[in-house]
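# Examination of the molecular architecture
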Amino acid sequence: MSPVPKDFLQGDGTYLVEASAGTGKTYWMVETAVELLLKGSTISKPERLLAVTFTRAATAELKERLRKRLHELRAAPGDFDPRRIDAALAAMDRLPVTTIHGFCKGVLEEFALECGVPVGLDFLEDISAYVDVAVADEWRSLTWEDSPTSEIVLSALMAGDDPRWSPKELRNAALVVRGAIGAQRPARLPSRGNDAAALRTSLQAIAAAFSLERLGDFAQAVEWNKDSSLVEAVDDLAAAVDAINDGRAPMMADLRRWSKEAVLDAANKGAKFKKANLALIAEEPLLLLVSQAVAQFSTSSDALWQDAVLGIVERIERGLQADRAAGFDDMIAMVQRALVGERGAELQRALRDRYDAVLVDEFQDTDWAQWQIFSTAFQGRPLILVGDPKQSIYAFRGADIFAYRKAKETANAAGRVWSLDTNWRSDRGVVDATGALFAAEQPFAVPSEQLAFTPVTAKRQEPYITGDAQASALVMIDAGKDTVAEQEQRIARYIAAEIVRLLRDEAIAYQPNGEAARRINPK
């Protein structure tokens, strides 16, 4: 991949600059912003350059570094026009440097009519109160004893083998659905009672066919595996049938043991079925009825769980709507829908008329909805994306590798993908060791054509740390066989011990660029 040329900006469209850690990404962004503000005609006014980054802290840093750079140029303008420098400094407080959520909030406030949202929405950073109420209300509706769904939920809870059935897990799943902005949600069940009725019919068929005497004779006649306890489990199935007859939820674990599949497993004699066993099992109709009920329970439970998650999501959104409020995810969803909605073309024109160029930092942390916002709203404007593709796999931060791939394909079609190829932070040993670590044919958990490692060159050739006989650019602390918690503890212990060693060894020195070597001191 080629380094970014000085005059890379050539007209409208998508540009992508890949920047690994330590390659001077923020410095490059500041210099690019300076070029846009002070040279050429791309930006007609300073406030028409939109810069978007991931966090408020990054926003503040970018704006402060840009201000500092402009002050430096005021003192020594070089080939820049002093009048444009003064105009840019005067406009710094109006310069739109913001987060994606801040940008969407501003769009919804200023273009409420075009977005189809109420004027004066209350934007909330924390909607946990709405989530808590929605989860509690949905859980009550699921477990209330008069509900047609309570039998399914209580059976799942008593079985104890499906951890999804808890308020905590339902909440987590609902938040995942809420975070999948722009994704098509499954349809709600037309009636939860339908699945409950189908399960009840299957259970009643078991009760009607059950005979304690016949099942006891069957259990005695079959030659079971040595580790089987089905002879003793006859009474457990009888108790489950009593629960069915009484209209109570049966223990699904007791039913599962008597499904045809489970009985075959318990009588397979080491995978060498005896003909007598097979004949007995084939002749017992109760086993097939139990299998059908177990399958129906699984189907009903899955459908109800999905519907419960969607129910929580709808309760959250109804609560927010009733209070004329919106969370951060809602802001992105509202803008994304508005851009492709009935008045989408009008909103797109308004945003393109507002901004001459857009600079997006940490693009690897954006998701599909955010990419749709940028690519739709600013089609016909320079859209400059900067990010580290290796971090586009961090889903816990909302990253979406497919959104990154689409953006890269769009930029690459016009030959507008480059990289920052020099690491200014680490010395050669660390950079080369990192390159060796990722030199595998497929270094990531996705195919290389989707995400490849691009090596960089270290600006500093000599090590920062001298006099360390134990120095190693790369240390393997764990082979990956332990749990995450165990690995984290081992890493923490290693780092703590390494810090102590570096501070205690008087022979070890640190030599910054252009300075004399000195002892390593804690700060």
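Residues numbered from 1 in each chain as written. Predicted model: local features only at pLDDT ≥ 70, side-chain atom pairs only at ≥ 80, totals over all residues. Heavy atoms only, no water.

### What about the overall build of the protein chain?
Operational definition: Under the DSSP-based scheme used, a helix requires at least four consecutive residues in state H or I and a strand at least two consecutive residues in state E, with every element numbered from the N terminus. Each residue gets one of three labels from its accessible area relative to the maximum for its type: buried under 20%, exposed over 50%, partly exposed in between, using a 1.4 Å probe on protein chains only. Think of it this way: Lys and Arg go in the positive column, Asp and Glu in the negative one, and His and the chain ends go nowhere. Charge positions come from single atoms, namely NZ of Lys, CZ of Arg, CG of Asp or CD of Glu.
On a plain count of helices and strands, the protein chain comes out with 21 helices and 13 strands. Looking at the protein chain residue by residue over its 523 residues, the buried ones come to 43%. Computing the positive centroid from 62 side-chain charges and the negative centroid from 76, the protein chain places the two 6 Å apart.

### Examining the pattern of salt bridges
For the record, the criterion: We define a salt bridge as a side-chain nitrogen of Lys or Arg found within 4 Å of a carboxyl oxygen belonging to Asp or Glu.
Evaluated as defined, the whole model comprises 37 salt bridges. A cluster of three or more residues bridged by salt bridges with shared partners is formed by Glu138, Arg188, Arg192, Asp307, Glu314, Arg315 and Arg318.

### Section: a nonpolar patch on the surface
Selection criterion: Patch building starts from residues that exceed 30% relative accessible area and form no salt bridge, then joins like charges within 9 Å and nonpolar side chains (Val, Leu, Ile, Met, Phe, Trp, Tyr) within 5 Å. Using a 1.4 Å probe, the Shrake-Rupley method yields the accessible areas, and only the shown protein chains count as cover for residues.
A cluster of nonpolar side chains, namely Leu154, Leu157, Met158 and Met251, defines an oily patch on the protein surface of about 300 Å² accessible area. Relative to the helices and strands, methionine 158 is located in helix α7 (residues 150–159).

### Some remarks on the sheet that holds strand β11 (residues 465–466)
Strand pairing in a sheet relies on backbone hydrogen bonds, with the paired strands running either antiparallel or parallel. Short version of the rule: Each pair of strands is called paired provided DSSP finds at least two bridges between the two strands.
The three strands are arranged β11-β12-β13 in an open sheet whose pairing can be described as antiparallel. For this open sheet the edge positions go to β11 and β13 (518–519), each flanked by a neighbour on one side alone. One ladder, built from two bridges, connects β11 with strand β12 (residues 509–510); its direction is antiparallel. What sits directly across from threonine 466, in β12, is alanine 509.

### What to know about the sheet that holds strand β1 (residues 13–19)
Note the threshold: Fitting a line to C-alpha atoms yields each axis, with helices limited to the stretch in contact; the angle taken between N-to-C directions then spans 0 to 180 degrees. What makes two residues a contact is simply this: any of their non-hydrogen atoms within 4.5 Å.
Strands sit in the order β3-β2-β6-β7-β1-β8 across an open sheet of six strands; the sheet is parallel. Strands with a single pairing partner mark the edges of an open sheet, and in this sheet they are β3 (97–99) and β8 (417–420). Between one strand axis and the next, the sheet turns by 20 degrees as a mean value, whatever way the strands run. The sheet contact formed by strand β2 (residues 49–53) and β3 spans three bridges and is parallel. Of the residues in β3, the one forming a bridge with threonine 53 is threonine 99. Where helix α1 (residues 25–38) meets the sheet, it contacts β1, β2, β6 (357–360), β7 (382–387) and β8, and its direction lies at approximately 165 degrees from that of β7. The strands that helix α18 (residues 368–377) touches are β1, β2, β6 and β7; relative to β7, the one it contacts most, it runs at about 150 degrees.

### Quick look at the nonpolar core
Applicable threshold: Within this scheme, the nonpolar core is defined by two criteria: the residues are buried Ala, Val, Leu, Ile, Met, Phe, Trp, Tyr or Cys, and they are joined through side-chain atoms within 4.5 Å.
The biggest cluster of nonpolar side chains holds 59 residues, and the ones touching the most others in it are Phe218, Leu255 and Trp258. For this core, the element with the most residues is helix α15 (residues 285–322), which contributes 15 residues. Once you skip the residues sitting within four places of it in the chain, leucine 255 turns out to touch Leu203, Ile206, Leu237, Ala240, Pro250, Val290 and Val294. Ile332, Ala377, Ala403 and Tyr404 belong to the second largest nonpolar core, which has 43 residues in total.

### Side note on the packing of aromatic side chains
Both the distance between ring centres and the angle between the ring planes are used here to describe each pair of aromatic rings. Stated formally: The pairing test for Phe, Tyr and Trp rings, Trp by its six-membered ring, is centres within 6.5 Å, and the orientation test on the planes gives stacked under 30 degrees, edge-to-face over 60, and tilted for anything in between. We call a charge positioned over a ring when the NZ of a Lys or the CZ of an Arg lies within 6 Å of the ring centre and within 35 degrees of the ring normal.
On inspection of all chains with the given rule, the structure shows eleven aromatic pairs. Between the aromatic rings of phenylalanine 363 and tyrosine 404, the centroid separation amounts to 6.0 Å while the plane-to-plane angle is 40 degrees, which identifies the pairing as tilted. One end of the pair, phenylalanine 363, is in the loop between β6 and α18; the other, tyrosine 404, is in helix α19 (residues 401–412), with 41 residues separating them in the sequence. Relative accessible area serves as the criterion here: at 4%, tyrosine 404 is assigned to the buried category. Three or more aromatic residues link up through ring pairs in this structure, and these residues are Phe8, Tyr15, Trp28 and Trp418. One cation-aromatic arrangement involves arginine 164 over tryptophan 305; the distance from NZ or CZ to the ring centre is 5.0 Å. Against the face of tyrosine 464 rests arginine 460, its NZ or CZ located 4.1 Å from the ring centre.

### Some details on α15
Put simply, the rule reads: Helices are assigned an expected span. That span is 1.5 Å times one less than the residue count. In protein, a polar contact requires one atom able to donate a hydrogen and another able to accept it; more generally it is a pair of N or O atoms within 3.5 Å, and residues adjacent in sequence count only if both atoms are side-chain atoms.
Here α15 spans 54 Å end to end across 38 residues, near enough to the 56 Å set by a 1.5 Å rise per residue. The residue sitting at the N-terminus of α15 and contributing the capping side-chain oxygen is glutamate 284; that oxygen lies 3.1 Å from the backbone nitrogen of leucine 286. Downstream of α15 by a residue or two, arginine 324 has a phi angle that is positive, lying close to 50 degrees.

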